[in-house]
Amino acid sequence: MTDQTRFDNTKPPLSQINPKLIRQVLLTDQSQFSSLRVSDAPRFTPTLEQFEAEQIRSSSTQATMKRAFVDQLVEKKDLECLRSLVLTLHGQLRSLVPNRKDLHSFVNDEDVQSTSTPVDLLPILIRAAQGLESLESESRAETTTAWRLKAQAEQSSSAEFIVISTLYLLYKAELAQADKQDFYLQQFWAPLIHVEGPKHLRTVLDKQFGVDDYKLTKAWIKELAMHKNVQDSKERQTMIRKGWIETILFRKTTATSLPEVFALDADNLQMIRQVCKRAVACCALALHASGGNSTKLTEWIEPTSEIGLRRADLVEAMMKNCSPTYEEDVSSAVVALAKTWSSLNEETSLRSRTVAVLRGQDPVIQLLDRRMQGVFVAVVTDDDFTSAPSELRSGHAAIARNSRTDEQRKAEVAFRNKGLSFNDSELATLSIVAKKIVDLVWVLHQDVIDKAFNEAADDSVD
């Protein structure tokens, strides 16, 4: 990701951004730009004490290595290494505002070089913290201010405090850099992408596959048309939408067998499949916990209710599928849910059914999976939900937007009606994403799609 300050005026703007990120932005409503992130920086900002406990004193491999580094610096009183770290901190602070030379005065590299002991670095770190406070977001700056006040109150600082504080401020500066990248994505790049992104992506894909090629796409559409002469544009779009769900999204395909028009959606495809698989299993477990009372799985669940809390426990347990006690933990969550519903008859039997579900050996999974896929088709082919514009126009977003609340609510109701209330919100969100994916494909490649339908029609005549 390129931020605005490192923008290369000699290159087309969007050529400096990963096409997958461009596609992800195009799948995001303009009202949701603030949720876009290019960094993986945590939203939570630790205090010095939390940073030390989690990143230096914990038992993780990374913390162990960092703790050894701290111990070595403290033991050897390696002033040169400490100076180098502080100079790195200065460089990071300057890079946050590279064009504001007037703001660079809050750090002075010469002061660093003139220090004779680690403790001499404390006033320099305090000044760096003051500069960082003015550049961070308000929520991030609170912990920097807390460190500065603590440092200013220190009567006699230890070398260990200096070392850990330096690492902490470096970490805070890295967070500020990440926030800056996210800011540019949300405020500068995302609006530009929604204007120019569709045409740019089409150019990228044409260059990759050939303007008149798209062999896998043509073969896929020929399969969908089944030798029918489909001429109506609306009917073609409906076939593409339905085919995307039934023959690609929920069919085992590899990235190399994907139609070219979905080439940039392999990651989204895998994510939707994985989450849906887990959601269906969760609903199957809930059905068993209810004693087979499917009515309970069609009702809205208040998140803060007892059932809502047990649902959260079950979902959390299912997320930890790498745990050695995974099946046991999920079984316990299912039993707790059954007790809350007062539907527990035989705990051993319920635990056995839970294991069968987790191993994909329960027929209920197939039933709920078919229902889930049916709702996906209904959402994706329903014009009452978000749809793409019929043509590319400069200044228009790639995906038009109705009320997101309404489309989400309608999809949730559809999933609840099919006994999938335990994961209605999650499934609704994914179904809307799936619709946006295929509608963006329609926007970008309608000419390719129309040509493929026409060729399929010619083949039917022959």
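Residues numbered from 1 in each chain as written. Predicted model: local features only at pLDDT ≥ 70, side-chain atom pairs only at ≥ 80, totals over all residues. Heavy atoms only, no water.

Undergrad: Would you take a moment to explain the overall build of the chain for this structure?
TA: Counting its regular elements, the chain contains 17 helices and zero strands. Over its C-alpha atoms, taken along the principal directions, the chain stretches across nearly 85 × 65 × 35 Å. By residue count, 47% of the 462 residues in the chain fall in the buried class. Here the contacts in the chain between residues at least 6 apart in sequence split such that 73% fall between residues at least 24 apart. Here the chain has roughly 22700 Å² of accessible surface; of this, 49% comes from carbon and sulfur atoms. Counting 57 positive and 64 negative side-chain charges, the chain places the centres of these two groups 2 Å from one another. (Helix = DSSP H or I, 4+ residues; strand = E, 2+ residues; numbered from the N terminus. Buried < 20%, exposed > 50% of the residue type's maximum accessible area, 1.4 Å probe, protein only. Contact = heavy atoms within 4.5 Å. Areas by Shrake-Rupley, 256 points an atom, 1.4 Å probe, with all protein chains shown as cover. Lys, Arg positive; Asp, Glu negative; His and termini not counted. Charge placed at Lys NZ, Arg CZ, Asp CG, Glu CD.)

Undergrad: Help me out: how do you make sense of the nonpolar core in this one?
TA: Burial of nonpolar side chains together is a common tendency in soluble globular proteins. In this structure, W244, F262, L314, F376 and F422 are the most contacted members of the largest nonpolar core, which totals 92 residues. Per-element tally for this core: the top contributor is helix α17 (residues 424–461), with 15 residues. Apart from the residues lying within four places of it in its own chain, the contact partners of F262 are W220, W244, I248, I437, V438 and V441. Grouped together as the second largest cluster of nonpolar side chains are 39 residues, L79, V86, I124 and Y168 included. (Core = buried A, V, L, I, M, F, W, Y, C linked by side-chain atoms within 4.5 Å.)

Undergrad: Can you help me understand helix α13 (residues 326–340) in this one?
TA: An α-helical turn contains 3.6 residues, so a residue and the one three or four places further along point in the same direction. Here α13 is 15 residues long and its end C-alpha atoms lie 21 Å apart, about the 21 Å a rise of 1.5 Å per residue gives. Contacts from the buried residues of α13 go to α11 (266–289), α12 (306–319) and α14 (347–358). (Expected span 1.5 Å × (residues − 1).)

Undergrad: Is there a simple way to think about the packing of aromatic side chains in this case?
TA: Two aromatic rings are characterised by how far apart their centres lie and by the angle between their planes. Going through the model one piece at a time under the given rule, you end up with eleven aromatic pairs. Here F209 and Y214 contribute two aromatic rings whose centre-to-centre distance is 6.0 Å and whose plane-to-plane angle is 50 degrees, an arrangement assigned as tilted. When its relative accessible area of 1% is taken as the criterion, Y214 is described as buried. Between R311 and the ring centre of F422, over which it is positioned, the NZ or CZ distance is 6.0 Å. (Phe/Tyr/Trp six-rings, centres within 6.5 Å; stacked < 30°, edge-to-face > 60°. Lys NZ or Arg CZ within 6 Å of the ring centre and 35° of its normal.)

Undergrad: Is there a simple way to think about the side chain of S165 in this case?
TA: Within the element layout of this structure, S165 appears in helix α8 (residues 159–209). Judged by its relative accessible area of 1%, S165 falls in the buried class. One polar contact links S165 to W147, side chain to side chain, over a distance of 2.9 Å. (Polar contact = N/O pair within 3.5 Å; in protein donor to acceptor, adjacent residues only side chain to side chain.)

Undergrad: What exactly am I supposed to notice about the pattern of salt bridges here?
TA: Pairs can form between side chains of opposite charge once their charged atoms are near each other. One pass over the full model with this rule turns up 29 salt bridges. Here R251 ties to E223 by a salt bridge, and the two come within 3.6 Å at their closest N and O atoms. Of the two residues, R251 sits in the loop between α10 (233–249) and α11 while E223 sits in helix α9 (residues 215–225), which places them 28 residues apart along the sequence. When its relative accessible area of 38% is taken as the criterion, R251 is described as partly exposed. (Salt bridge = Lys/Arg side-chain N within 4 Å of Asp/Glu carboxyl O.)

Undergrad: How should I be thinking about unusual backbone geometry in this particular structure?
TA: A negative phi angle characterises most non-glycine residues, just as the trans form characterises most peptide bonds. A positive phi angle is found at K77, which is not glycine, with a value near 50 degrees. By relative accessible area, K77 is classed as exposed at 58%. Look at S342: it is not a glycine, yet its phi comes out positive at around 60 degrees. By secondary structure assignment, the location of S342 is in the loop between α13 and α14. When its relative accessible area of 68% is taken as the criterion, S342 is described as exposed.

Undergrad: What exactly am I supposed to notice about the packing of helix α3 (residues 61–76) against α8 here?
TA: Geometrically, a packed helix pair is captured by the angle between its two axes and the distance between the axes. Put simply, α3 and α8 touch, their axes get as near as 9 Å, and they point 135 degrees apart. Considering their axes alone, α3 and α8 lie oblique with respect to each other. Read as a crossing pair, α3 and α8 show a hand that is right-handed. Two secondary-structure elements touch here, α3 through K66, F69, V70, L73 and V74 and α8 through A159, E160, V163, I164 and L167. Residue composition of the contact of α3 with α8, grouped by class: eight nonpolar, no polar and two charged. (Axes fitted to C-alpha atoms, helices over the stretch in contact; angles between N-to-C directions. Parallel < 35°, antiparallel > 145°, perpendicular 65-115°, else oblique. Left-handed = near helix turned anticlockwise from the far one by under 90°. Nonpolar A, V, L, I, M, F, W, Y, C, P; charged D, E, K, R; others polar.)

Undergrad: Please clarify how the packing of α10 against helix α15 (residues 363–381) should be interpreted in this entry.
TA: Contact geometry of α10 with α15 gives a least axis separation of 9 Å together with a crossing angle of 155 degrees. Comparing their axes, α15 and α10 come out roughly antiparallel. Viewed along their axes, α10 and α15 form a crossing whose handedness is right-handed. Contact residues: T238, R241, K242, I245, E246 and L249 in α10; Q373, F376, V377, V380 and T381 in α15. Considered class by class, the residues forming the contact of α10 with α15 number five nonpolar, three polar and three charged.

Undergrad: Would you take a moment to explain the environment of S116 for this structure?
TA: Structurally, S116 can be placed in the loop between α5 (109–113) and α6 (122–135). A residue is classified by how much of its surface remains accessible, and S116, at 57% relative accessible area, is exposed. Here the alpha-carbon distance between S116 and L185, two residues 69 residues apart in the chain, equals 43 Å. If we skip the residues at most four places from it in the chain, S116 touches L79 and R83.

Undergrad: Please explain helix α1 (residues 19–26) as it appears in this structure.
TA: For α1, the set of buried residues is L21, I22, R23, V25 and L26. Near the N-terminus of α1, the side chain that reaches the backbone nitrogen of K20, with its oxygen 2.8 Å away, is that of N18.

Undergrad: Looking at this structure, I do not really get the side chain of S421. What am I missing?
TA: The topology assignment puts S421 in the loop between α16 (404–417) and α17. According to the relative accessible area criterion, S421 is buried, its value standing at 0%. Every residue in contact with S421, bar those within four places of it in the chain, is listed here: K296, L297, T298, E299, I301, R311, F415 and R416.

Undergrad: Where do I start with the confidence of the model for the chain in this structure?
TA: A low pLDDT means the predicted coordinates there should not be read in detail. When pLDDT is averaged across the chain, the result is 88; 90% of the residues are at 70 or more. Overall, residues 387–404 carries pLDDT values under 50, and its contacts beyond four positions in sequence, including any with other chains, amount to 43 contacts. (pLDDT = per-residue confidence, 0-100.)

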